[in-house]
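Examining the three-dimensional arrangement
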Amino acid sequence: VVAAKKALFRAADHAQLQHSQVTEEGADEAPAPLPKKASTVKPELMAIARQEGLELKLTTLMARPEILSRDIGADSVFAALRDAGGKVVAAKKALFRAADHVQLQ
């Protein structure tokens, strides 16, 4: 779990470094905006996720651009993960169905 977290943070740092290098080179076109930072997860919720073995999955889902752009809260993501038995793809699909349903109303 720790190694996976480190890899996730290294990837984010690498993306940010590449972004800063492009802007320093003086590119003619405007640089693409950096993705939003991952939403904050309450320590209490993270502790529960850790006990259930869902900490990394919760962190990863919360950092996904699709989740950030729809402004889905950590409580909802955790509940979807739990309902999906820890399956990330199933949880993500359920979250998007729920978010789309709310937008239609």
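Residues numbered from 1 in each chain as written. Predicted model: local features only at pLDDT ≥ 70, side-chain atom pairs only at ≥ 80, totals over all residues. Heavy atoms only, no water.

1. Section: the packing of helix 2 (residues 43–51) against helix 3 (residues 55–63)
- Put simply, helix 2 and helix 3 touch, their axes get as near as 7 Å, and they point 130° apart. By the angle between their directions, the pair helix 2 and helix 3 is classed as oblique. For the pair formed by helix 2 and helix 3, the contact residues are L45, M46, A49 and R50 on the first element and E55, L58 and T59 on the second.
- Grouping the amino acids of the contact of helix 2 with helix 3 by side-chain chemistry returns four nonpolar, one polar and two charged. (Axes fitted to C-alpha atoms, helices over the stretch in contact; angles between N-to-C directions. Helix = DSSP H or I, 4+ residues; strand = E, 2+ residues; numbered from the N terminus. Parallel < 35°, antiparallel > 145°, perpendicular 65-115°, else oblique. Contact = heavy atoms within 4.5 Å. Nonpolar A, V, L, I, M, F, W, Y, C, P; charged D, E, K, R; others polar.)

2. A few points about the environment of G86
- Mapped onto the elements of the fold, G86 is located in the loop between helix 5 (74–83) and helix 6 (88–104).
- Judged by relative accessible area, which is 7%, G86 ranks as buried.
- For the pair formed by G86 and K57, sequence separation is 29 residues and the distance between their alpha carbons is 7.7 Å.
- Residues contacting G86, with those up to four places away along its chain left out, are L54, K57 and L81. (Buried < 20%, exposed > 50% of the residue type's maximum accessible area, 1.4 Å probe, protein only.)

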